[in-house]
Amino acid sequence: VQLVESGGGLVQPGGSLRLSCAASGFTFSSYVMSWYRQAPGKERDLVARITSAGGSTNYADSVKGRFTISRDNPKNTVYLQMDSLKPEDTAVYYCNALRRGRAYWGQGTQVTVSS
């Protein structure tokens with residue numbers, strides 16, 4: 001099983017980034033996929049979640065209207081489009097796959113929002 005995140009980096013406030021998470025080794029289309037983030041000294045928090053078929057999403061209040069989660073099941077990939085980024089969005093972003101209590105995590109990708 002592998003979840004490999006990419007797309008992180010340094011961006012100025014107000015900018016955009018698109019994170020990708022490529023999955024392999026499990027039946028991607030059967031899993032709820034989520035993005036979490038963890039800032040230094042803080043807990044890992046849920047950012048966004050999408051159901052297995054992509055029909056439903058939910059977001060943390062802090063990112064509603066700015067971030068969009070999507071998935072491409074034939075490509076085994078989940079995305080996080082992040083717009084209007086703020087310094088408080090700075091964190092390591094992790095991809096998560098969940099089904100019936102079984103969870104997989106990626107290694108994380110750093111997002112830094114700074115001028």
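If you're wondering where the values come from, they're calculated on a predicted model, not measured in any experiment.

## Things to note about the environment of Val-111
(1) Moving on: Residue position: Val-111 is located in strand E11 (residues 109-113).
(2) Moving on: Judged by its relative accessible area of 0%, Val-111 is buried.
(3) Moving on: Residues Val-111 and Pro-87, 24 residues apart in the sequence, show an inter-C-alpha distance of 9.7 Å.
(4) Moving on: Once residues lying within four places of it in the same chain are set aside, the contact partners of Val-111 are Gly-8, Gly-9, Leu-17, Leu-19, Met-82, Asp-89, Thr-90, Ala-91 and Tyr-93.

## Digging into the nonpolar core
(1) Moving on: Ranked by size, the top nonpolar core spans 29 residues in total, and within it Leu-3, Met-33, Trp-35, Val-78, Leu-80, Met-82 and Tyr-93 carry the most contacts.
(2) Moving on: Looking at this core, the elements that each hand over two or more residues are strand E3 (17-24), strand E4 (32-38), strand E5 (45-50), strand E7 (67-72), strand E8 (77-82), strand E9 (91-99) and E11.

## Brief notes about the side chain of Ser-34
(1) Moving on: Take Ser-34: it is sitting in strand E4.
(2) Moving on: Separated by 2.8 Å, the side chains of Ser-34 and Arg-49 make a polar contact.
(3) Moving on: Each residue touching Ser-34, except ones within four places of it in the same chain, is listed here: Leu-46, Ala-48, Arg-49, Ile-69, Tyr-94, Cys-95 and Asn-96.

Conventions used here
- Residues numbered from 1 in each chain as written.
- Predicted model: local features only at pLDDT ≥ 70, side-chain atom pairs only at ≥ 80, totals over all residues.
- Heavy atoms only, no water.
- Helix = DSSP H or I, 4+ residues; strand = E, 2+ residues; numbered from the N terminus.
- Buried < 20%, exposed > 50% of the residue type's maximum accessible area, 1.4 Å probe, protein only.
- Contact = heavy atoms within 4.5 Å.
- Core = buried A, V, L, I, M, F, W, Y, C linked by side-chain atoms within 4.5 Å.
- Polar contact = N/O pair within 3.5 Å; in protein donor to acceptor, adjacent residues only side chain to side chain.

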